[in-house]
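These are the residues of each chain, in order.
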Amino acid sequence: MTFKENARLDTGQVRGGGGGRRGGGGGLAAGGGIGGIIVLVLYLLFGGSLGGGGTGSSGSPWNFGASEVSTSGEGVSEDFSHCQTGADANEHQDCRVIGTVNSVQAFWTSAWSQYQPAQTVIFSGTVQTGCGTANSQVGPFYCPLDSQVYIDVSFFDQLEQMGGDGGSLSQMYVVAHEYGHHVQNLNGVLGRAQQDPQGPESGAVRVELQADCYAGVWVAHADGTRLGQEDTAILEPITQDQIQSALSAAEAVGDDRIQEQMQGRVTPENWTHGSSEQRQKWFLTGYETGDPNQCNTFAAEDLG
Ligand SMILES: [Zn+2]
């Protein structure tokens, strides 16, 4: 999806984080310090892991061992001064995240009176969160304990390697999915994933598919979102090609697809996010109806 060139971005909805200096010193799992396994309660984009390390072997998708905490690293600049306009969002990935956060939150604020804004932390490497120390290998995630979304934009390259088509909406879908978890945190649904964490019909899968549906709902309304007192929308109307981008991302992060790649076989009993087909189906349900009430995956007998 394309931002209007002159749209003004609100960088106050994000902050930078991560990297060695911020992440390594005095944290929960500082190198040479306490170390060990930190149990995180994170809501991820997908149930796998990017490369070695990073995930625990307990079998639970939410228990991640912060096995390697970097004490060096680039860090992410806290300076988003290059992200002023829609043109910047069209050009730079971090600015696109900011513009997407702006639009997604503008939508939920107008659609739901109880919506409370949540910040996104754009980090690199390792980051301290209210849920413990996390690293980029877990992919984008939401921490319900500090109500913040965490994104390392280097993930977008990984997403392409996983089968995403690299289009702008494939990236924006990721941001909108994580904000779907924030909505679930606010309306009390999120905990159902913890109570029933695995399996093709599990609470976890229903939570994740609902977040995909919420992402689709935002897409349906995205070109109408505007910031603050501005009277023009910040996004251009969507195109069918862009919808295909979002679908390619939803397909890439399906449990069956990832299991096929990581373990060579599909084991639905371990699903935490739903299949590629289900994730696309629920994204489309949100997009085609534009109605969050149609995202009741908990009432659905057939998840797709
Ligand atoms: Zn998720």
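Sequence order sets the numbering: in each chain, residues are counted from 1 along the sequence as written. Given that the model is predicted, a residue must reach a pLDDT of at least 70 before its local features are reported, and side-chain atom pairs must reach 80 or more before they are shown or counted; all residues, however, enter totals for whole chains, interfaces and linings. Think of the side-chain values as coming from all heavy atoms in the structure, minus any hydrogens and water.

Enquirer: Can you tell me about the environment of Cys83, naming the residues and giving the values?
Expert: Each helix is a run of DSSP H or I of at least 4 residues and each strand a run of E of at least 2, with the numbering of both proceeding from the N terminus. For Cys83, the location among the structural elements is in the loop between strand E2 (43–44) and helix H2 (86–91). As for Cys83 and Thr11, which are separated by 72 residues in sequence, their C-alpha atoms are 7.3 Å apart. Here a residue-residue contact requires only that any non-hydrogen atoms of the pair lie within 4.5 Å. Excluding its chain neighbours within four sequence positions, the residues that come into contact with Cys83 are Leu9, Thr11, Asp88, Asp94, Cys95 and Ile98.

Enquirer: Could you give an account of the side chain of Asp152, with specific residues and numbers?
Expert: Structurally, the position occupied by Asp152 is in the loop between strand E7 (148–151) and helix H4 (155–162). Here a polar contact is taken to be a pair of N or O atoms separated by no more than 3.5 Å, where protein atoms must pair a possible hydrogen donor with a possible acceptor and residues adjacent in sequence count only if both atoms sit in side chains. Only 2.9 Å separates the side chain of Asp152 from the backbone nitrogen of Ser154, close enough to count as a polar contact. Excluding residues within four positions of it along the chain, Asp152 makes contact with Phe123, Ser124, Gly125 and Ser136.

Enquirer: Outline the coordination of the zinc ion, listing residues and values.
Expert: The protein atoms donating to the zinc ion are Leu44 (O), His177 (NE2), His181 (NE2) and Glu208 (OE), with metal-donor distances spanning 2.0 to 2.2 Å. Listed donor atoms are N, O and S within 2.8 Å of the metal (Na, K and Ca: 3.2 Å). As water is not included, a site may look incomplete. Each label reflects the angles at the metal, where four donors whose angles all fall between 85 and 135 degrees are tetrahedral, four or six donors whose opposite pairs open beyond 155 degrees and whose other angles stay between 65 and 115 are square planar or octahedral respectively, and the rest are irregular. For the zinc ion, the 4 donor atoms in the first shell make angles of 92 to 133° at the metal, a pattern classed as tetrahedral.

Enquirer: Could you give an account of the packing of helix H5 (residues 168–187) against helix H8 (residues 240–252), with specific residues and numbers?
Expert: Two elements in contact, H5 and H8, have axes whose closest approach is 7 Å; the angle formed by their N-to-C orientations is 55°. One finds that H5 runs oblique with respect to H8. The way H5 lies across H8 gives a crossing that is right-handed. Of the residues in H8, those in contact with Leu169, Ser170 and Tyr173 of H5 are Gln242, Ile243, Ser245, Ala246, Ser248, Ala249 and Ala250. Three residue categories are used. Nonpolar comprises Ala, Val, Leu, Ile, Met, Phe, Trp, Tyr, Cys and Pro, charged comprises Asp, Glu, Lys and Arg, and polar comprises the others, including Gly. Classifying every residue of the contact of H5 with H8 by side-chain character gives 6 nonpolar, 4 polar and no charged. All axes are obtained by fitting lines to C-alpha atoms, using only the stretch in contact for helices, and the reported angles, taken between N-to-C directions, cover 0 to 180 degrees. With respect to orientation, any angle under 35 degrees is reported as roughly parallel, any angle over 145 as roughly antiparallel, any angle of 65 to 115 as roughly perpendicular, and every other angle as oblique. The crossing is said to be left-handed when, going from far helix to near helix, the turn is anticlockwise and less than a right angle, and right-handed when the turn is clockwise.

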